[in-house]
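# Overview (structure and organization)
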Amino acid sequence: MRANAESFESITGFGVRARVSGHDVLVGADRLMAREGLDPGDLAKAEADLAAKGRTALYAAIDGRTAAVIAVADPVKSASAEAIRALHGMGLRVAMITGDKRETAEAIAREVGIDTVIAGVLPDGKVAALDTLREGGARVAFVGDGINDAPALVHADVGIAIGTGTDVAIESADVGRSARRGQRRSGLAQPRQNRRHAMNIGDIARITNLPAKIIRYYEDIGLVHPGRDANTYRRFNQTDVHKLGFIRRARSLGFTIEDCRALLALYEDKVRASADVKQIAQHHPDLIDAKIAELKAMRTTLGHLIENCAGDHRPDCPILEDLAVISQKEPG
């Protein structure tokens, strides 16, 4: 018997929630049950057994009680082990970054010969996982196909997108891999420079985690220069991704817009000495110290006002009286 969902919510990295025939239904990983404070009870053993067999086990809960375990299997492709052996033959190590439980991931890793497993990773944790793999000076290539893979594809030393994946993933990568249905996929990827392949402002906002209005502002003041298609829509490329990431990091350290402009020019100029960069940066600690002192003074003043305010009657409110005095002084 099929029932209609009255409401539905996707909880990224955890599972889904729905209201079905008057019942609250949750379906997702064990971390969703933990987040909701639900005890799996006897179902925990069944979930562990499924994970040990390489199955992704999902819990179902109805009205706040776990009701079932669902096994989901994504069969390993027959050519996967062969491809990994070929990579080993080239002196490369293979790692798997996955949201699955460690037990599930390690079962699959043993089957195909994967060297390193980083499991239980939420979609926004893939960039941090790449940094873990880089420890010791290793260079990392990342293969992905989904919209959640886009930041990691940009962050990796080499990003490789599967040709059947989402557009955002493909346009974020340095290399594309196309494969037709039924085609053997153990061959090495053919490089495809995608610098000319464009992303719209929604794509670029998701990849850089910057609001679209901020990206438009950076365009208006000439920090980025997206192209335009036949319909005059903005079209960004990989260079814009790197520039926006550069600006975002610089702004987080307190650099002004004009500083960002100068630093970008210095970054693109491979001849000028780093002393020019240092000259721009060295006055910022003093500015930050001055701002901290200003904030401390504000905190002290506000603390006194709060302490002196009984909060029980008007019009004798020291906070409002203080604000009124300040506002009266401003016009003069």
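Fair warning: this is a prediction, and the values are worked out from it, not measured in the lab. (Residues numbered from 1 in each chain as written. Predicted model: local features only at pLDDT ≥ 70, side-chain atom pairs only at ≥ 80, totals over all residues. Heavy atoms only, no water.)

For the protein, the count of helices and strands is 14 helices and 12 strands. Relative to its full complement of 332 residues, the protein shows a buried share of 31%. Taking all contacts inside the protein whose residues are at least 6 apart in sequence as the whole, residues at least 24 apart take part in 37%. With an accessible surface of roughly 21,100 Å², the protein has 53% of that area assigned to carbon and sulfur atoms. (Helix = DSSP H or I, 4+ residues; strand = E, 2+ residues; numbered from the N terminus. Buried < 20%, exposed > 50% of the residue type's maximum accessible area, 1.4 Å probe, protein only. Contact = heavy atoms within 4.5 Å. Areas by Shrake-Rupley, 256 points an atom, 1.4 Å probe, with all protein chains shown as cover.)

Formed by 24 residues in total, the largest nonpolar core has its most connected members in Ile204, Ile215, Tyr218 and Leu244. Listing elements by their share of this core, those giving two or more residues are helix H6 (150-155), helix H8 (201-208), helix H9 (212-220), helix H10 (238-252) and helix H11 (257-268). In terms of residues, this core owes the most to one element, H11, which gives 5 residues. Once you skip the residues sitting within four places of it in the chain, Ile215 turns out to touch Ile201, Ile204, Ala205, Thr208, Leu210, Val224, Phe236 and Leu244. (Core = buried A, V, L, I, M, F, W, Y, C linked by side-chain atoms within 4.5 Å.)

The backbone of Ser21 sits at a positive phi, close to 50 degrees, despite the residue not being glycine. By the element assignment, Ser21 lies in the loop between strand E2 (15-20) and strand E3 (23-28). Take Ser21: its relative accessible area is 47%, and that puts it in the partly exposed class. Unlike most non-glycine residues, Asn209 shows phi in positive territory, near 60 degrees. Position of Asn209 relative to the elements: it lies in the loop between H8 and H9. Assessed through its relative accessible area of 55%, Asn209 is described here as exposed.

Turning next to the pairing of strand E8 (residues 141-144). Burial of E8 is one-sided: the residues Phe142 and Gly144 facing one way are buried, the residues Ala141 and Val143 facing the other way are not. Summarising the sheet, E8 and strand E9 (residues 158-162) pair through 4 bridges and their orientation is parallel. Within E9, the position partnered with Ala141 by the bridge is Val158. (Pairing = 2+ DSSP bridges.)

What follows concerns the pattern of salt bridges. Opposite charge on two side chains makes pairing possible when the charged atoms of those side chains draw close. Taken as a whole and judged by the stated rule, the model has 12 salt bridges. Of the charged contacts, one joins Arg35 and Glu36 as a salt bridge, the two residues approaching to 3.4 Å between their closest N and O atoms. Taking relative accessible area as the criterion, Arg35 reaches 45% and is therefore assigned partly exposed. Connected through salt bridges with shared partners, the residues Glu9, Arg17, Arg35 and Glu36 form a single ionic network. (Salt bridge = Lys/Arg side-chain N within 4 Å of Asp/Glu carboxyl O.)

On to H11. Between its terminal C-alpha atoms H11 stretches 17 Å, which fits the 16 Å expected from 12 residues at 1.5 Å a residue. Regarding H11, the residues found buried are Ile257, Asp259, Cys260, Leu263, Leu264 and Leu266. The elements touched by buried residues of H11 are H9, H10, helix H12 (275-281) and helix H13 (284-308). (Expected span 1.5 Å × (residues − 1).)

Let us look at the side chain of Arg134. In this structure, Arg134 sits in helix H5 (residues 126-134). A relative accessible area of 19% means that Arg134 is categorised as buried. Polar contacts involving the side chain of Arg134 include one to the main-chain carbonyl oxygen of His155, which spans 2.6 Å. Apart from the residues lying within four places of it in its own chain, the contact partners of Arg134 are Val140, His155, Ala156 and Asp157. (Polar contact = N/O pair within 3.5 Å; in protein donor to acceptor, adjacent residues only side chain to side chain.)

Time to look at the environment of Val158. Position of Val158 among the secondary structure elements: in strand E9. You can call Val158 partly exposed: its relative accessible area is 33%. Considering only alpha carbons, one finds Val158 and Ala141, 17 residues apart in sequence, at a separation of 4.5 Å.

Another point: the confidence of the model for the protein. Mean pLDDT over the protein: 79, with 83% of residues reaching 70 or higher. The low-confidence segment residues 178-196, where pLDDT is below 50, has 37 contacts with residues more than four positions distant or belonging to other chains. (pLDDT = per-residue confidence, 0-100.)

Before going further, it helps to examine the sheet that holds strand E1 (residues 5-11). Pairing is antiparallel across the open sheet formed by 5 strands, whose spatial order is E1-E2-E3-E4-E5. Of all the strands in the sheet, the pair left with one neighbour each is E1 and strand E5 (65-72). Adjacent strand axes in the sheet meet at a mean angle of 15 degrees when their direction is disregarded. Bridge count between E2 and E3: 6 bridges; the pairing is antiparallel. Each residue of the ladder has a partner; that of Gly15, found in E3, is Gly28. (Axes fitted to C-alpha atoms, helices over the stretch in contact; angles between N-to-C directions.)

For Asn200, the position within the fold is in the loop between strand E10 (175-177) and H8. With relative accessibility at 31%, the residue Asn200 sits in the partly exposed group. As a C-alpha pair, Asn200 and Arg235 span 35 residues in sequence and 5.1 Å in three-dimensional space. Dropping the residues within four chain positions of it, Asn200 is found in contact with Arg234, Arg235 and Phe236. A distance of 3.0 Å separates a polar side-chain atom of Asn200 from the backbone nitrogen of Gly202.

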